[in-house]
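Below, each chain spelled out in residue letters.
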4 protein chains.
Amino acid sequence: MDGAQGLSVPGDRPDAVTETPDLAELQHRLAAFAAVRGWGPYHTPKNLVTALGVEAAELAEIFQWLTPEQSARVMDDGTTAHRVRDEVADVLAYLLQFCEVLGVDPLTALSEKIDRNEKRFPVT
Amino acid sequence: MDGAQGLSVPGDRPDAVTETPDLAELQHRLAAFAAVRGWGPYHTPKNLVTALGVEAAELAEIFQWLTPEQSARVMDDGTTAHRVRDEVADVLAYLLQFCEVLGVDPLTALSEKIDRNEKRFPVT
Amino acid sequence: MDGAQGLSVPGDRPDAVTETPDLAELQHRLAAFAAVRGWGPYHTPKNLVTALGVEAAELAEIFQWLTPEQSARVMDDGTTAHRVRDEVADVLAYLLQFCEVLGVDPLTALSEKIDRNEKRFPVT
Amino acid sequence: MDGAQGLSVPGDRPDAVTETPDLAELQHRLAAFAAVRGWGPYHTPKNLVTALGVEAAELAEIFQWLTPEQSARVMDDGTTAHRVRDEVADVLAYLLQFCEVLGVDPLTALSEKIDRNEKRFPVT
């Protein structure tokens, strides 16, 4: 399944075992995960963007009754911290799968957006 | 981790100038962008997760009246393609800023989630 | 306004017992429900609008992997039909509670919006 | 278009002109509005629930950077108050249209949900 991972951590990178996974590598793992389970037909852009919104809402649900101060301390509780990381993963997973099916490079899109925003909101 | 990858390892990577930006690097740019504009007080986890949901909905809005088939062809139109990339950037931007303020590593979170899902949805 | 409409005008309305509940009556029941449980402090407009979005997403989740045709038949399955009605109730509940705390009349707001839309989208 | 409205305000109700519109009446106006414009084919349950989520997010957007205290005062500003009422109308419009195409009675659904919640969250 994750042959891509093996390829991306060659022998000349001694920190390969513990390093942070690469975004493109995760995108490949997600694509392989869906392909081998035959989920391709469900992964229309429209369905994936709906799923993205559902996961974003599940992340928001954790915070819905919290004060701003309480919201800043959610990682202090182990169970809530796990839930936050789990929902972050789901949001990112659907965003990457959406980008995959439409051929969008999310990192380039964000880089270009920051460039535009730097012009749109100049520092005074 | 290595926030300005292009700057830090220029010599041995001839493609540094045009390469895809790094996720951590973009996260640093976003944090600096907000800090220099004094937006920190607004960036509570609760506010950022609300903004994430708003941007996910703006992405969904592009698809709301489309058939599954039409949704697969949104990148054929230049204006719509730009809008898709712009909203993808916004979703990713707020996800990264949310992760930044809570100290969540989104790539590790996703990697661990895929590991769990591989056990939860075994290939039969 | 007249919280238990069925009870207040029984004589001249023979169908009072089985009639559809009134929106204002439901709004009063929701307010009383929250008040008696001490939930008032949590019911800021900001929190209620977040909860509204979460419930709208739970309703969307039912449809996320369905084709348009399948989505039109969700009420054929008793369990799914119950889930749809349950999430519709949650969306309406939070919308009414949001309107209650801000003093918005949702029916008048909608009536005026339809008036505006009739001018904005003239029939050709 | 709104023949239903004429029928629902007969001569024996002297306050008919200024009274709050009825939910069922608004639902009929919305259905007629969409029908006469040929929007029926777009109004699948799946599309309408997506539109509902988009409008809920537009309502949330008004509050995304506000403190809880600021969020309680949004109606003090005329422009923001209009925007709130406008988005409330949109959320209710899509909820009613969703219910219309699936044959769900939103008021009965909510009444039954409150009944269930009164058992689920007993007052201690």
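Since the structure is predicted, the reported quantities are computational estimates derived from the model, not experimental observations.

1. Quick word on the relation of the copies chain A and chain B
Think of it as a corkscrew move, a rotation about one axis and a shift along it, taking one chain copy to the other. Overlaying chain A on chain B yields an RMSD of 0.0 Å, the required transformation being a rotation through 180° with an accompanying axial translation of 0.0 Å. With respect to symmetry, the two chain copies, as superposed, fit the operation of a two-fold axis. Within chain A, Gly53(A) has its C-alpha nearest the rotation axis, a separation of 3.3 Å. Comparing interface residues between copies, 100% of those in chain A also lie at the interface in chain B; the contact surface is shared.

2. Focus: the interface of chain A and chain B
Across the contact, 61 residues belong to chain A and 61 residues belong to chain B. Summed over both sides, the interface between chain A and chain B buries roughly 5200 Å², with carbon and sulfur atoms accounting for 73% of that surface. When the area that chain A buries against chain B is broken down by residue, the three leading residues are Arg29(A), Lys46(A) and Leu110(A), summing to 12%. Applying the counting rule to chain A against chain B returns 10 salt bridges. Those elements that provide at least two residues to the side of chain A that touches chain B are helix 2 (23-36), helix 3 (45-63), helix 4 (68-71), helix 5 (78-102) and helix 6 (106-120) of chain A. Here the element with the most residues in the side of chain A that touches chain B is helix 5 of chain A; it accounts for 15 residues. Considering only residue class, the side of chain A that touches chain B consists of 41 nonpolar, 9 polar and 11 charged.

3. Brief notes about the interface of chain D and chain B
Taken together, the 16 residues of chain D in the interface contact 16 residues of chain B. Counting each side, the surface lost to burial between chain D and chain B is near 1200 Å², with a carbon and sulfur contribution of 64%. When the buried surface of chain D facing chain B is broken down by residue, Val54(D), Gln64(D) and Trp65(D) rank first, second and third, together holding 47% of it. Remark: the boundary between chain D and chain B carries 0 salt bridges. By residue number, the principal contributor to the side of chain D that touches chain B is helix 3 (residues 45-63) of chain D, which donates 10 residues. Considering only residue class, the side of chain D that touches chain B consists of 9 nonpolar, 5 polar and 2 charged.

4. Looking at helix 6 (residues 106-120) of chain D
The end-to-end C-alpha distance of helix 6 of chain D, which contains 15 residues, comes to 20 Å, matching closely the 21 Å that a straight helix rising 1.5 Å per residue would cover. Residues of helix 6 of chain D that are buried: Pro106(D), Leu107(D), Ala109(D), Leu110(D), Ser111(D), Lys113(D), Ile114(D) and Asn117(D). Along its buried surface, helix 6 of chain D packs onto helix 2 (23-36) and helix 5 (78-102) of chain C together with helix 2 (23-36) and helix 5 (78-102) of chain D. You can read the cap of helix 6 of chain D off the contacts: a side-chain oxygen lies 3.0 Å from the backbone nitrogen of Leu107(D), and it is on Asp105(D).

5. A word on the pattern of salt bridges
Evaluated as defined, the whole model comprises 20 salt bridges over all chains. The salt bridge partner of Arg29(A) is Asp115(B), with a shortest N-O separation of 2.9 Å. Placement of Arg29(A) in helix 2 and of Asp115(B) in helix 6 (residues 106-120) is noted, with the two residues assigned to different chains. Using a relative accessible area of 3% as the deciding quantity, one classes Arg29(A) as buried.

6. Description of the environment of Glu118(D)
Among the secondary structure elements, Glu118(D) is positioned in helix 6. Each C-alpha atom of the pair Glu118(D) and Arg29(D) lies 34 Å from the other, and the pair is 89 residues apart in sequence. Apart from residues no more than four positions distant in its own chain, Glu118(D) is found in contact with Arg29(C), Phe33(C) and Arg37(C).

7. So, the side chain of His43(C)
Tracing the backbone through its elements, the reader meets His43(C) in the loop between helix 2 and helix 3 (45-63). Those residues in contact with His43(C), other than ones at most four positions away along the chain, are Trp65(A), Ala34(C), Leu48(C), Gln97(C) and Val101(C).

8. Regarding the packing of aromatic side chains
What the rule picks out here adds up to 16 aromatic pairs over all chains. Summarising the aromatic geometry, the rings of Phe63(A) and Phe98(B) are spaced 5.6 Å apart at their centres and angled 85° between planes, so their arrangement reads as edge-to-face. Residue Phe63(A) is located in helix 3, and its partner Phe98(B) is located in helix 5 (residues 78-102); the two belong to separate chains. A relative accessible area of 1% means that Phe63(A) is categorised as buried. Residue classification places Phe98(B) among the buried residues on the basis of a relative accessible area of 0%. With a centroid separation of 5.5 Å and an interplanar angle of 85°, the aromatic rings of Trp39(C) and Phe121(D) are classed as edge-to-face. One end of the pair, Trp39(C), is in the loop between helix 2 and helix 3; the other, Phe121(D), is in the segment after helix 6, on a second chain. Among the residues examined, Phe121(D) registers a relative accessible area of 29% and is labelled partly exposed. Joined through ring pairs, the aromatic side chains of Phe33(A), Trp39(A) and Phe121(B) make up one cluster. Taking NZ or CZ as reference, Arg37(B) lies 3.6 Å from the ring centre of Phe33(B), over its face.

9. Observations regarding the environment of Phe33(B)
By secondary structure assignment, the location of Phe33(B) is in helix 2 (residues 23-36). Each C-alpha atom, one on Phe33(B) and one on Thr50(B), is 19 Å from the other, the two residues being 17 residues apart in sequence. If near-sequence neighbours (up to four positions away) are discounted, Phe33(B) is found in contact with Asn117(A), Glu118(A), Phe121(A) and Trp39(B).

10. Brief notes about the packing of helix 2 of chain B against helix 5 of chain B
Helix-helix packing is described using two parameters, namely the angle between the two axes and the distance between the axes. Residues and elements named next belong to chain B. Their axes nearest at 10 Å, the elements helix 2 and helix 5 cross at an angle of 80°. With respect to helix 5, the element helix 2 is oriented roughly perpendicular. Contact with helix 2, carried on its side by Leu23, Gln27, Leu30, Ala31 and Ala34, involves Leu92, Ala93, Leu96, Gln97, Cys99 and Glu100 of helix 5 and no other residues of that element. Here the residues of the contact of helix 2 with helix 5 sort into 8 nonpolar, 2 polar and 1 charged.

Reading the values: the criteria
- Residues numbered from 1 in each chain as written.
- Chains lettered and ligands numbered in written order.
- Predicted model: local features only at pLDDT ≥ 70, side-chain atom pairs only at ≥ 80, totals over all residues.
- Heavy atoms only, no water.
- Least-squares fit on C-alpha atoms with pLDDT ≥ 70 in both.
- Contact = heavy atoms within 4.5 Å.
- Buried area = accessible area lost by both parts, 1.4 Å probe.
- Salt bridge = Lys/Arg side-chain N within 4 Å of Asp/Glu carboxyl O.
- Helix = DSSP H or I, 4+ residues; strand = E, 2+ residues; numbered from the N terminus.
- Nonpolar A, V, L, I, M, F, W, Y, C, P; charged D, E, K, R; others polar.
- Expected span 1.5 Å × (residues − 1).
- Buried < 20%, exposed > 50% of the residue type's maximum accessible area, 1.4 Å probe, protein only.
- Polar contact = N/O pair within 3.5 Å; in protein donor to acceptor, adjacent residues only side chain to side chain.
- Phe/Tyr/Trp six-rings, centres within 6.5 Å; stacked < 30°, edge-to-face > 60°.
- Lys NZ or Arg CZ within 6 Å of the ring centre and 35° of its normal.
- Axes fitted to C-alpha atoms, helices over the stretch in contact; angles between N-to-C directions.
- Parallel < 35°, antiparallel > 145°, perpendicular 65-115°, else oblique.

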